[in-house]
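Spelled out from the first residue to the last, the chains are:
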Amino acid sequence: MTASALPEAAARVNGDDGTPGFGVYIHWPFCAAKCPYCDFNSHVRHQPVDQPRFVEAFRREMETMRGWTGPRAVTSVFIGGGTPSLMQPETVGAMLDAADRLWGLSAGIEITMEANPSSADAKRFAGYRSVGVNRLSLGVQALNDADLKFLGRLHNAEEALRAIAMARATFPRLSFDLIYARPGQTLESWETELRRAAGYAADHLSLYQLTIEPATRFATDVRRGVFEPLDDDNAADLFALTRDMASAAGLPAYEISNHATPGQESRHNLTYWRYQDYIGIGPGAHGRRQDIATVRHKKPENYLSAVKAQGDGIAEARDLDRREQASEALLMGLRLAEGVDLTAFALTPAALVDDAKLALYRDLGLLWSEAERIGVTPQGMPLLDALLGELVQADLVAS
């Protein structure tokens, strides 16, 4: 089956059936503008991007990765960025056709693509749908013009709502992102905005606290005193409100920042958080296959040169020993409401977590345990980073 035939099975989007996932991540690194909070690998080019040249490089890298993986059942494809909605639909279709030829994309596979409201139009959305995209992740970030301007977005609130409506009319599944805990944000203003967002939501919302990442413009602004981040207490109150309101709207949290109608969780992101295999394609893309972690050259031109020379864009491939895999799996999996199965790492549970601290934080209501599975309670999620530092055995993190 070719990617162009996938829309015939639109209603049977691949769900979480309990089998291990294997994802293909494709990174389109170009943006129309760099958002001041963003530390993703994104680049602004003032000349048109040679899309066919990148398609050929992505195809060649996929062929190399197919040699690494052998035949695998792909459970999801995710096209991220950058701003993938700057691509022509034919570019997206060519990459999906390559993945289908090499691994095979089943009729109901989850194929997600990120998009920005500023580059959304009905014809382009229809084009993405026609080549097989069946889930759209829309970068809305705010629903008021003042905060959209602060966040460096190129769209206004009206354009965001129009893009949501177009996406809902075009794709079987839709998620959109909002960023909260903005400077000066109050419980009342966020409640109003989130209630409005829930009214437009389909089956998934990603609701992220604003984080000041190093080497971003916001980090420079904070250092220069341009603005002050929201304090921790107010951010914690907003976090609690977010979870309560999303759950009441039928979108409970399945991960610390992600909310979905039960059964509509992102299969691709679950592959990451459950520490399952995925390959990365494109500049800056990461991948993990069993005990090997890979990262590709970030600069697009360097990536192209590497693919031409060696058949892939990998800048670093690193072997992961069992303890390092276990550490990473814990750090990822404890973000999930479902928690982590400690028997999955071929190590004893005592080698993974500090039993005394587990008992302490369980008694405090911050952690739960059931047989050999542990997780973080809703009360513990606002303290997740601190709990990870306390719970995961120090020699695991240091290894």
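Preceding this paragraph is the structure being described.
Residues numbered from 1 in each chain as written. Predicted model: local features only at pLDDT ≥ 70, side-chain atom pairs only at ≥ 80, totals over all residues. Heavy atoms only, no water.

Colleague: Would you explain the nonpolar core in this entry?
Modeller: The nonpolar side chains of a soluble globular protein tend to be buried with one another. Grouped together as the largest cluster of nonpolar side chains are 94 residues, with contacts concentrated most on V77, W103, F125 and L138. Among the elements that line this core, the one with the most residues is helix α2 (residues 89–102), at 7 residues. Setting aside residues up to four positions removed in sequence, L138 forms contacts with A115, N116, P117, F125, A163, I164, L174, S175, F176 and D177. (Core = buried A, V, L, I, M, F, W, Y, C linked by side-chain atoms within 4.5 Å. Buried < 20%, exposed > 50% of the residue type's maximum accessible area, 1.4 Å probe, protein only. Helix = DSSP H or I, 4+ residues; strand = E, 2+ residues; numbered from the N terminus. Contact = heavy atoms within 4.5 Å.)

Colleague: Please clarify how the side chain of S175 should be interpreted in this entry.
Modeller: Secondary-structure assignment places S175 in strand β7 (residues 173–180). We classify S175 as buried; its relative accessible area is 1%. Here the side chain of S175 touches H204 through a polar contact of 2.7 Å, side chain to side chain. What S175 contacts, discounting residues up to four positions off in sequence, is R135, L136, S137, L138, H204, L205 and S206. (Polar contact = N/O pair within 3.5 Å; in protein donor to acceptor, adjacent residues only side chain to side chain.)

Colleague: Looking at this structure, I do not really get the sheet that holds strand β15 (residues 340–341). What am I missing?
Modeller: Strands belonging to one sheet form pairs held by backbone hydrogen bonds; the direction of such a pair is parallel or antiparallel. Within the open sheet, the 3 strands sit side by side as β15-β17-β16. Their pairing is antiparallel. Edge positions in the sheet fall to β15 and β16 (367–370), since each has one partner strand and no second. As paired elements, β16 and strand β17 (residues 373–376) share 4 bridges and run antiparallel to each other. Paired with L367 across the bridge in β17 is V376. (Pairing = 2+ DSSP bridges.)

Colleague: I tried to follow the pattern of salt bridges on my own but got confused; where do I start?
Modeller: Pairing of side chains with opposite charge becomes possible as their charged atoms draw close. Within the structure shown, the criterion is met by 16 salt bridges. A salt bridge links R195 to E191, with the nearest nitrogen and oxygen atoms 2.7 Å apart. With R195 and E191 both in helix α6 (residues 187–200) and 4 residues apart, this pair spans about one turn of that helix. Each of the salt bridges in this network shares a partner with another, and the network as a whole consists of D147, R182 and E193. (Salt bridge = Lys/Arg side-chain N within 4 Å of Asp/Glu carboxyl O.)

Colleague: Explanation requested: the pairing of strand β8 (residues 204–209) in the structure shown.
Modeller: Within a regular beta strand, the side chains point alternately toward one face of the sheet and then the other, so they alternate between its two faces. In the sheet, β7 pairs with β8 via 6 bridges, with the strands oriented parallel. What sits directly across from F176, in β8, is L205. Following the chain from β7 across α6 to the adjacent parallel β8, one finds a crossover that is right-handed. Both β8 and strand β10 (residues 258–260) contribute to a ladder of 3 bridges, which runs antiparallel. Its bridge partner being in β10, L205 is matched across the sheet by H259. (Right-handed = clockwise from strand over helix to strand, strands pointing away.)

Colleague: Help me understand the packing of aromatic side chains, please; the structure alone is not making it clear to me.
Modeller: How two aromatic rings sit relative to each other is set out by the distance from centre to centre and by the angle between their planes. Within this structure, the stated rule accounts for 15 aromatic pairs. Seen from their ring centres, W28 and F30 are 5.3 Å apart, and the 70 degrees between their planes marks the pair as edge-to-face. By relative accessible area, W28 is classed as buried at 2%. Aromatic side chains F30 and F54 sit 5.2 Å apart centroid to centroid with 80 degrees between the ring planes, which places their arrangement in the edge-to-face category. (Phe/Tyr/Trp six-rings, centres within 6.5 Å; stacked < 30°, edge-to-face > 60°.)

Colleague: What is the right way to read a negative patch on the surface from this model?
Modeller: A contiguous patch of negative charge, built from D231, D232, D233 and D237, is present on the exposed surface. Considering the arrangement of structural elements, one finds D233 in helix α8 (residues 232–248). Judged by relative accessible area, which is 61%, D233 ranks as exposed. (Patch = residues over 30% accessible without salt bridge, like charges linked within 9 Å, V, L, I, M, F, W, Y side chains within 5 Å. Areas by Shrake-Rupley, 256 points an atom, 1.4 Å probe, with all protein chains shown as cover. Lys, Arg positive; Asp, Glu negative; His and termini not counted. Charge placed at Lys NZ, Arg CZ, Asp CG, Glu CD.)

Colleague: How do you make sense of the packing of helix α3 (residues 122–130) against helix α5 (residues 157–170) when you look at a structure like this?
Modeller: A packed helix pair is summarised by two numbers, namely the angle formed by the two axes and the spacing between the axes. Interhelical geometry of α3 versus α5 gives an angle of 35 degrees and a closest axis separation of 10 Å. Along this stretch, α3 crosses α5, giving a crossing that reads as right-handed. Contacts from A122, F125, A126 and R129 of α3 reach α5 at A163, M166, A167 and T170. Considered class by class, the residues forming the contact of α3 with α5 number 6 nonpolar, 1 polar and 1 charged. (Axes fitted to C-alpha atoms, helices over the stretch in contact; angles between N-to-C directions. Left-handed = near helix turned anticlockwise from the far one by under 90°. Nonpolar A, V, L, I, M, F, W, Y, C, P; charged D, E, K, R; others polar.)

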